[in-house]
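Reading the structure
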Amino acid sequence: MSSQLLKRFKSRRMTLPPESDCTRDTPASPDATIKRCSYIKPMFDFWQSLLAALERIAMLPSLIHSVFPSLSSRKRMRDAVRTYDRTMDDLLREIQRLFEAPLKPAKLLQMSGKLQEQFAPKLQASDICMLPSYNDKLPTGLEQGTYLALDVGGSTFRVAVVELSGKHPGAKSMRIVNMKSYTIDSSVRNLQGNAFFDWMAERIEAAIADPQVKKINGTQSLGMGLAWSFPVEQTSIRSGNLLAMGKGFLATEGTLGQDLSELIMAPCRKRNLPVRMDSIVNDASATLLSRAYEDPATRFAVILGTGFNVAVHLPTSALATSKYRGYPQKWLDEASHVLVNTELSMFGKNVFPTTRWDDALNENHVRPDFQPFEHMISGRYLGEIVRLIIVEAVQTAGLFSGELPEKLSEPYSLDTETLAAIEMDESKNSTEAIAVFQSRHPLSKPPTLHDIGFLCQVCKLVSRRAAAFLAAGIHSLWSLRITSEGLTPQTAERMAIGCNGSVIEKYPSFRELCQSHLNELTTASGAEPHAISLEIAVESAIFGAAVAVCCLEK
Ligand code: GLC
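Everything in this summary refers to the structure shown in the same document.

Conventions adopted
- Residues numbered from 1 in each chain as written.
- Predicted model: local features only at pLDDT ≥ 70, side-chain atom pairs only at ≥ 80, totals over all residues.
- Heavy atoms only, no water.
- Core = buried A, V, L, I, M, F, W, Y, C linked by side-chain atoms within 4.5 Å.
- Buried < 20%, exposed > 50% of the residue type's maximum accessible area, 1.4 Å probe, protein only.
- Helix = DSSP H or I, 4+ residues; strand = E, 2+ residues; numbered from the N terminus.
- Contact = heavy atoms within 4.5 Å.
- Polar contact = N/O pair within 3.5 Å; in protein donor to acceptor, adjacent residues only side chain to side chain.
- Phe/Tyr/Trp six-rings, centres within 6.5 Å; stacked < 30°, edge-to-face > 60°.
- Lys NZ or Arg CZ within 6 Å of the ring centre and 35° of its normal.
- Near = heavy atom within 4 Å.
- Areas by Shrake-Rupley, 256 points an atom, 1.4 Å probe, with all protein chains shown as cover.
- Nonpolar A, V, L, I, M, F, W, Y, C, P; charged D, E, K, R; others polar.
- Axes fitted to C-alpha atoms, helices over the stretch in contact; angles between N-to-C directions.
- Left-handed = near helix turned anticlockwise from the far one by under 90°.
- Pairing = 2+ DSSP bridges.
- Disulfide = S-S within 2.5 Å.
- Salt bridge = Lys/Arg side-chain N within 4 Å of Asp/Glu carboxyl O.

**Here's the deal with the nonpolar core**
One finds Val302 and Leu470 to be the most contacted residues of the largest nonpolar core, which totals 98 residues. The leading source of residues in this core is helix H19 (residues 449-484), at 20 residues. In contact with Leu470, other than residues within four places in its own chain, are Val302, Leu304, Phe308, Phe373, Ile377, Ile504, Phe510 and Cys514.

Printed below as a string of structure tokens:
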């Protein structure tokens, strides 16, 4: 069979007009297109089997390859006749319904109510969430000093010299004098137990060898403040028991429950490093301290980057006395409030309606249901939710003409930063978005406008749901604080929330969207407009680790 003939076969490729809605599972609609579809499928099957038979019997595969050198013959053949269960527009309508339905204020308030129900038992007893710290007071912003700050995040370890100079009109009150940043990639995350803390000590040694660091304290031992982006059960202001870490870290292998301060100080001592651990705080608590150092109205802090968490400043009475087991009597007598690491990521199961893609992500997660809230809103997962939708759309609705980019078959291979880049491109022909996607997830043919349009809508639906769910989470903790302070929405004063993390800081219009949902929810609860303001807290974990040490010296 001459190549001409094949070409004619190909040209007869009968793709369905995109707008037609002939999916088998949609109820029969009166208009002709649906009626016309009923016999197309058997015809396609006939063409498909005929061509496959030809290929098998008569036509030497190599011949086909010579006719269509660029694409693998099987694929082009498949494409030529492939049919899909549904159209991309039909799938998009379903995704829109599933992701937008829960975003009505009444639904979000319901979710906030259910979250508050989930808080109650954990405020009584839990050793993994609603964790009190030893930080009872918030900084005044007048504290001064220079400190060594450590920040262990999901993907970087940073060691910095931080100068706090208090409030001076027009001058920065916090400054990073010197900072070393070390990448935490999968090889570091896979370091088990003490090997990880040895790795940390080696980098602390390298960082304090810097002359600028030496200048701080000369030969005296350097007080360190640690911001730890994982749960820790505090046993004093400078120590705490290591708890499960999440984010793919294996540092708890053989060290779970041991004292974090000692795990870091032991390898430091082995290297004779002139350092001592003065304070340990969770990264969300560090963000609250650093924001409160600049804005006295700060009572909460939100971390939304790779991970998700919220720290809150609550009356000590909001937690059961058993949660303060081992606290010195002096602290219990004097403290009226306490900085609480809520680990809000661990709440939300059966509160937030999930889709089949959320369920698939959770079922395939190394720790299903460990951090359900985080799975729906943080940077580690937004990309994965969209990737799972893309896989389905390629298979069932002909996205990218049925071709799944190689670099998207792996879990967690779609970066949330790519979603942001696609959403940011508002040009008519989406040239930037197409270029970004094609460069990171190359296809044999660049995405069509229809493809990238579909993708952009999906990114928006997933990120907007995340912004709304975050607002419901913040509203639930705001309600908890108001109640525990004996206030009402009407009498509660304006509250600021320090925000840090790649998603809330950089994802296009994410913070604005969350703020507008928050305004709606707090107003619906009877509060004055703008009862809560979300404020970016840059470098907050590093600054907060230093403020935590500084507050000790008062
Ligand atoms: C994870 C950790 C939490 C941390 C958050 C943000 O959810 O469990 O401790 O605050 O990520 O980094």
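After that view of the structure, there is still more to cover.
**So, the environment of Asp358**
The topology assignment puts Asp358 in helix H14 (residues 356-363). On a C-alpha basis, the gap between Asp358 and Ile389 in space is 9.8 Å, while along the polypeptide they are 31 residues apart. When neighbours within four sequence positions are excluded, Asp358 is seen to be in contact with Met376, Ile385 and Arg465. Here Thr355 takes part through its backbone nitrogen, which lies 2.8 Å from a polar atom of the side chain of Asp358.

**Describing the packing of aromatic side chains**
Applying the stated criterion across every chain, the model contains 21 aromatic pairs. On the numbers, 6.3 Å between centres and 25° between planes, the contact of Phe197 with Trp228 is stacked. Taken together, the residues span a long stretch of sequence, with Phe197 in helix H9 (residues 194-208) and Trp228 in strand E5 (residues 222-228) at a distance of 31 residues. Each member of the pair Phe197 and Trp228 is classed as buried. Here the aromatic rings of Tyr324 and Trp331 are separated by 5.7 Å at their centres, their planes lie at 35°, and the arrangement is tilted. Given a relative accessible area of 11%, Trp331 falls into the buried group. Three or more aromatic residues joined by ring pairs form one cluster here, namely Phe157, Tyr182, Phe196, Phe197, Trp199, Trp228, Phe230 and Phe249. Above the plane of the ring of Phe230 lies Lys247, whose end atom (NZ or CZ) is 5.0 Å from the centre.

**Looking at the site of the ligand**
The ligand sits among 14 residues. The nearest are Lys247, Asn282, Asp283, Glu343 and Glu374. The side chain of Lys247 places a nitrogen or oxygen atom 2.8 Å from an oxygen atom of the ligand. Take Asn309: an N or O atom from its side chain is 2.9 Å from an oxygen atom of the ligand. When isolated, the ligand has an accessible area of 310 Å², and the protein chains bury 98% of it. Of the residues belonging to the shell around the ligand, the class tally is four nonpolar, six polar and four charged.

**With respect to the packing of helix H17 (residues 416-424) against H19**
Two numbers describe how H17 lies on H19: the axes approach to 9 Å, and their chain directions differ by 115°. Of the two possible hands of crossing, H17 and H19 adopt the one that is left-handed. Here Leu419, Ile422 and Glu423 of H17 come into contact with H19, specifically with Leu455, Cys456, Cys459, Lys460 and Ser463. Its residues assigned to classes, the contact of H17 with H19 shows five nonpolar, one polar and two charged.

**Quick word on the sheet that holds strand E13 (residues 532-536)**
One open sheet accounts for six strands, arranged E1-E11-E10-E9-E12-E13; its pairing is mixed. Each having just a single partner strand, strand E1 (131-132) and E13 make up the two edges of the open sheet. In terms of strand pairing, strand E9 (residues 298-304) meets strand E12 (residues 495-500) through five bridges, oriented parallel. Residue pairing in the sheet places Thr298 in a bridge with Ala496 of E12. Docked against the sheet, helix H21 (residues 510-524) engages E9 and E13, running at close to 165° with respect to E13.

**A short note on the state of the cysteines**
Scanning the model with the defined rule gives zero disulfides in all. Left without a disulfide partner, Cys551 is nearest to the cysteine sulfur of Cys550, which lies 6.0 Å away.

**Observations concerning the sheet that holds E5**
With respect to topology, five strands assemble into an open sheet ordered E4-E3-E2-E5-E8, the strand pairing being mixed. With partners counted over all chains shown, the strands left at the sheet margins are strand E4 (174-183) and strand E8 (275-282), one partner each. For this sheet, the mean angle separating the axes of adjacent strands, direction not counted, is 20°. Strand direction decides the pairing type here: E5 and E8, joined by seven bridges, are parallel.

**Here's the deal with the pattern of salt bridges**
With the rule as written, the count across this model stands at 26 salt bridges. Among the ionic pairs, Glu163 bridges to Arg175, the shortest N-O distance being 3.1 Å. Linking Glu163 in strand E3 (residues 156-165) with Arg175 in strand E4, this pair joins segments that are 12 residues apart in sequence. Take Glu163: its relative accessible area is 27%, and that puts it in the partly exposed class. Residue class for Arg175 comes out partly exposed when judged on its relative accessible area of 39%.

**So, the side chain of Thr396**
With respect to the element layout, Thr396 can be found in helix H16 (residues 379-397). On the basis of relative accessible area, Thr396 is assigned to the buried category, the value being 16%. The residues touching Thr396, leaving out its near neighbours within four places in the chain, are Tyr84, Asp85, Arg86 and Leu91.

From the geometry alone we can't say anything about function, so treat these as descriptive.
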